[in-house]
Amino acid sequence: MAMTASILDYLSVLADPTRVRLLGLLEDHELTVGDLCEVLEVPQSTASRHLKVLLDHGWLARRREGTRHFYNVARRWPDETGRRVWELVRAGTADLPSVQRDRDRLSLVLAARRAASEAYFERTGEAWLRIRAEVFGDRFDLAALLGLLDPDWTVGDLGCGAGSVSAMLAPFVARVIAVDGSPVMLDAARRTVSGLENVEVRGGDLEDLPMGDAALDAATLVLVLHHAALPGRVLAETARVMKPGARLMIVDMEPHDDEDMAARMGHVWLGFEASQMEKFLHVAGFDRVVVRSLPIDRTANGPRLFVASGRRSIADERARIRVQPGVSRDVGQLAQGV
């Protein structure tokens, strides 16, 4: 009896043609009362009355945005019985002239939305970048790209410095292991990430990282390698602590001739050629290597930067070996910083 009563209740809700048309429109689109009135060609009071019935019986959900309310079909139907009843009703009414007219008028409403957006960009033109920066900030898009990271990953921020990269990564991944060899930088990093429970700061040499084999799903070396006496050896050790298939990202300087700056800042290398970085990564056990120049920041006065990325090779097991000088011809070259 309970099932029969439930079916009859749902049939009662869907017995009104206007409510059926509303559900048909809202099954694939999120619309306001105004949109629905325009499509159905009914007064607002009529649309609101039927929307309330559908809301009260669990067929619809409502979302507020400013002064407007958007309606859509609830993420879950009232129950499995309700879903099956709706499927029968929808199939039986799909070819009705009124339903077909609704689809046509809805396409006009949606086209008007797009036209309003397109007209705005036509008016603003090249000023859009300036307006966007004023409203949303200068480089919010770069921070948002962190959302592409897998939330289950453990990421190594190698040569973490003051911890700014670790702090940016932490909200998007399961765990961050930040490593640096400078006690001063480690203190600064701990202050930066204080309160971030998924960040662990460790002291250690980048040529002898304080973690086991295949510990990381991804790793970063941001403005680190030009400080390393043996960049190739750092990359081989980085490969050791990465899982097969894990991704590495490097940010560093392109070649430059500012020796005074390098001396002031303790740089060992005056940047790296793309071909040099590709060789380092391939010999260390990375494949799918890409090296690209980063856009010039006109507010900066230092050398241009590049980003290099690679995948810890699944096939090449050499990257799992701690590199020692003379292990092999390639690895021996790597240990010398070639």
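So, how was this worked out
- Residues numbered from 1 in each chain as written.
- Predicted model: local features only at pLDDT ≥ 70, side-chain atom pairs only at ≥ 80, totals over all residues.
- Heavy atoms only, no water.
- Helix = DSSP H or I, 4+ residues; strand = E, 2+ residues; numbered from the N terminus.
- Buried < 20%, exposed > 50% of the residue type's maximum accessible area, 1.4 Å probe, protein only.
- Contact = heavy atoms within 4.5 Å.
- Areas by Shrake-Rupley, 256 points an atom, 1.4 Å probe, with all protein chains shown as cover.
- Axes fitted to C-alpha atoms, helices over the stretch in contact; angles between N-to-C directions.
- Parallel < 35°, antiparallel > 145°, perpendicular 65-115°, else oblique.
- Nonpolar A, V, L, I, M, F, W, Y, C, P; charged D, E, K, R; others polar.
- Polar contact = N/O pair within 3.5 Å; in protein donor to acceptor, adjacent residues only side chain to side chain.
- Patch = residues over 30% accessible without salt bridge, like charges linked within 9 Å, V, L, I, M, F, W, Y side chains within 5 Å.
- Salt bridge = Lys/Arg side-chain N within 4 Å of Asp/Glu carboxyl O.
- Lys, Arg positive; Asp, Glu negative; His and termini not counted.
- Charge placed at Lys NZ, Arg CZ, Asp CG, Glu CD.
- Core = buried A, V, L, I, M, F, W, Y, C linked by side-chain atoms within 4.5 Å.
- Pairing = 2+ DSSP bridges.

Draft legend 1. Main features of the overall build of the protein. Of regular secondary structure, the protein possesses 14 helices and ten strands. The buried share of the protein, reckoned over its 338 residues, is 41%. The contacts of the protein with a sequence gap of at least 6 include a subset with a gap of at least 24, amounting to 62%. Carbon together with sulfur atoms contributes 54% to the accessible area of the protein, which is approximately 18,900 Å² in total.

Draft legend 2. Inspection of the packing of helix 2 (residues 17–26) against helix 5 (residues 80–93) at higher detail. The N-to-C vectors of helix 2 and helix 5 enclose an angle of 100 degrees; their axes lie 11 Å apart at closest approach. Judged by the angle between their axes, helix 2 and helix 5 are roughly perpendicular. Side by side, helix 2 and helix 5 meet where V20, L23 and G24 of the first sit next to W86, V89 and T93 of the second. The residue inventory of the contact of helix 2 with helix 5, partitioned by class, reads four nonpolar, two polar and no charged.

Draft legend 3. The arrangement of helix 3 (residues 33–40) in detail. For helix 3, a buried count of six out of eight residues is recorded, marking the element as mostly surrounded by other parts of the structure. All of the buried residues along helix 3 are V33, D35, L36, C37, V39 and L40.

Draft legend 4. Fine view of helix 2. Where burial is concerned, most of helix 2 is hidden: eight out of the ten residues are buried. Among all positions in helix 2, only T18, R19, V20, R21, L22, L23, L25 and L26 are buried. Looking at where helix 2 begins, the residue whose side-chain oxygen comes 2.8 Å from the main-chain nitrogen of T18 is D16.

Draft legend 5. Main features of unusual backbone geometry. For E41, which is not glycine, the phi dihedral falls at a positive 60 degrees. Looking at where E41 falls in the secondary structure, it is placed in the loop between helix 3 and helix 4 (44–56). For E41, a relative accessible area of 59% gives the class exposed. Phi is positive for A214, which is not a glycine, with a value near 50 degrees. Mapping A214 onto the fold places it in the loop between strand 6 (199–203) and strand 7 (216–222). Here A214 falls in the partly exposed class, since its relative accessible area comes to 29%.

Draft legend 6. Here's a closer look at a negative patch on the surface. Where like charges cluster on the molecular surface, the negative patch consists of D257, D258, E259 and D260. The residue D260 is located in helix 12 (residues 259–264) in this model.

Draft legend 7. Region of interest: the nonpolar core. Ranked by size, the top nonpolar core spans 31 residues in total, and within it L221, L235, L248, I250, M277 and L281 carry the most contacts. Of all elements in the fold, only strand 5 (175–180), strand 7, helix 11 (231–240), strand 8 (242–253), helix 13 (274–284), strand 9 (286–293) and strand 10 (305–312) reach the threshold of two or more residues within this core. Discounting residues that sit within four places of it in the chain, L248 has contacts with A219, T220, L221, L235, T238, M242, L281, F286, A308, S309 and G310. The next biggest cluster of nonpolar side chains, apart from the first, holds 28 residues, and it includes Y10, L23, V39 and V109.

Draft legend 8. A look at the sheet that holds strand 6. Reading across from one edge, 6-5-4-7-8-10-9 is the order of the seven strands in this open sheet, with mixed pairing throughout. Each edge of the sheet is formed by a strand with only one pairing partner; in this case those strands are strand 6 and strand 9. Neighbour-to-neighbour, the strand axes of the sheet open up by a mean angle of 15 degrees, direction not taken into account. Examined bridge by bridge, strand 5 and strand 6 share five bridges and lie parallel to one another. Note on strand 6: the bridge partner recorded for I177 is E200. On top of the sheet, helix 10 (residues 183–192) reaches strand 5 and strand 6; it is set at about 170 degrees to strand 6, its chief contact. Sitting on the sheet, helix 13 is in contact with strand 8, strand 9 and strand 10, with an inclination near 160 degrees to strand 9.

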